Amino acid sequence: MSWWDALLGRSKPVKPNLDALFALPSAAITLQAATGLVPTGLGSVSFRAAEGGAFATLERDVKALLGDRVEQSDDAYGYTWLLVRRDPDAVSDLVTELHAVNSSLEGAGFGPSLLCSLVSFADQDGGRLAVVYLYKRGTFYPFAPRPGQRRDNALELQARGVLAEELPLEEDLGRWFPVWGAPGL
């Protein structure tokens, strides 16, 4: 950062650290022990699809790599979601596949198109929680949707307390964006 940027209050954007995703399996154990939330075996990656042959080839290759464990959908905001299904006990495998999707997009120059990745958890009463990785911030946050597009803020804050030592959490609660209708949630 130059002195001019410092004078104007600008800061360099945080570089994403996709390897932080590999902390999720141990965080899942901690989350389960503290809250009773268990992994569902579902995770997804969201990105803005680009036009052109290079992106279409990359997307096809990712789908071929993951086979029938992946489903593609688009949301109302123009983002593409790749939902990956694994056995609920295979969180490490799920995270490895989510990392592979993110790394493939980033390595092909489509990193700026990445929005987030999430891993889904559920409790015995059907309550849901996602641990969301914000690509552009390099941080995680919990998102607990409830019916009627409401959030379970108490559960989100509880999860934040539990995960604080496990993951780099987003400190700005204003950036804990809801991902309503995210596949796998």
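Calculation notes
- Residues numbered from 1 in each chain as written.
- Predicted model: local features only at pLDDT ≥ 70, side-chain atom pairs only at ≥ 80, totals over all residues.
- Heavy atoms only, no water.
- Helix = DSSP H or I, 4+ residues; strand = E, 2+ residues; numbered from the N terminus.
- Expected span 1.5 Å × (residues − 1).
- Buried < 20%, exposed > 50% of the residue type's maximum accessible area, 1.4 Å probe, protein only.
- Arc of directions from axis to C-beta.
- Contact = heavy atoms within 4.5 Å.
- Phe/Tyr/Trp six-rings, centres within 6.5 Å; stacked < 30°, edge-to-face > 60°.
- Lys NZ or Arg CZ within 6 Å of the ring centre and 35° of its normal.
- Core = buried A, V, L, I, M, F, W, Y, C linked by side-chain atoms within 4.5 Å.
- Pairing = 2+ DSSP bridges.
- Axes fitted to C-alpha atoms, helices over the stretch in contact; angles between N-to-C directions.

Novice: Would you mind going over helix α3 (residues 53-66) in detail, with residue names and values included?
Specialist: Counted at 1.5 Å a residue, the expected span for α3 with its 14 residues is 20 Å, and the 20 Å between its end C-alpha atoms agrees. Phe 55, Leu 58, Glu 59, Val 62 and Leu 66 are the residues of α3 that are buried. The buried residues of α3 occupy an angular sector of 100° when projected down its axis, which confines them to one face. Facing away from the buried side of α3 by over 90 degrees, the exposed positions are Arg 60 and Ala 64. Here the buried face of α3 lies against β1 (38-47), β2 (70-74), β3 (80-85) and α4 (91-110). Of the residues trailing α3, Gly 67 is marked for its positive phi of about 65°.

Novice: Lay out the packing of aromatic side chains with the relevant residues and their values.
Specialist: The tally for this structure, following the rule as stated, stands at 3 aromatic pairs. Both rings, one in Tyr 133 and one in Phe 140, keep their centres 4.9 Å apart while their planes meet at 55°; by these two values the pair is tilted. With centroids separated by 5.2 Å and ring planes inclined at 75°, the aromatic side chains of Phe 143 and Trp 180 adopt a geometry described as edge-to-face. Of this pair, Phe 143 sits in strand β6 (residues 139-143) while Trp 180 sits in the segment after α5 (153-163), placing them 37 residues apart in sequence. The exposure class assigned to Phe 143 is buried, which follows from its relative accessible area of 0%. Given the relative accessible area of 29%, Trp 180 is considered partly exposed. The side chain of Arg 48 reaches across the aromatic face of Tyr 79, ending 4.2 Å from its centre.

Novice: Tell me about the nonpolar core, residues and numbers included.
Specialist: Formed by 39 residues in total, the largest nonpolar core has its most connected members in Leu 24, Leu 31, Leu 105, Leu 129, Val 131, Phe 140 and Leu 167. When near neighbours in sequence (up to four residues on either side) are disregarded, Leu 105 contacts Phe 47, Phe 55, Leu 58, Phe 110, Gly 111 and Leu 114. Listed in part, the 12 residues of the second largest apolar core include Leu 118, Val 132, Phe 143 and Trp 176.

Novice: Tell me about the sheet that holds β1, and please be specific about residues and values.
Specialist: Here we have 6 strands laid out as an open sheet, ordered β2-β3-β1-β4-β5-β6, and antiparallel in their pairing. Pairing within the sheet leaves two strands with one partner each, and these edge strands are β2 and β6. Sheet twist, expressed as the mean angle between neighbouring strand axes with direction ignored, is 20°. In terms of strand pairing, strand β5 (residues 128-134) meets β6 through 5 bridges, oriented antiparallel. Within β6, the residue paired with Ala 130 across the bridge is Phe 143. Against the sheet, α4 contacts β1, β3 and β4 (114-122), and its axis sits at roughly 5° relative to β1.

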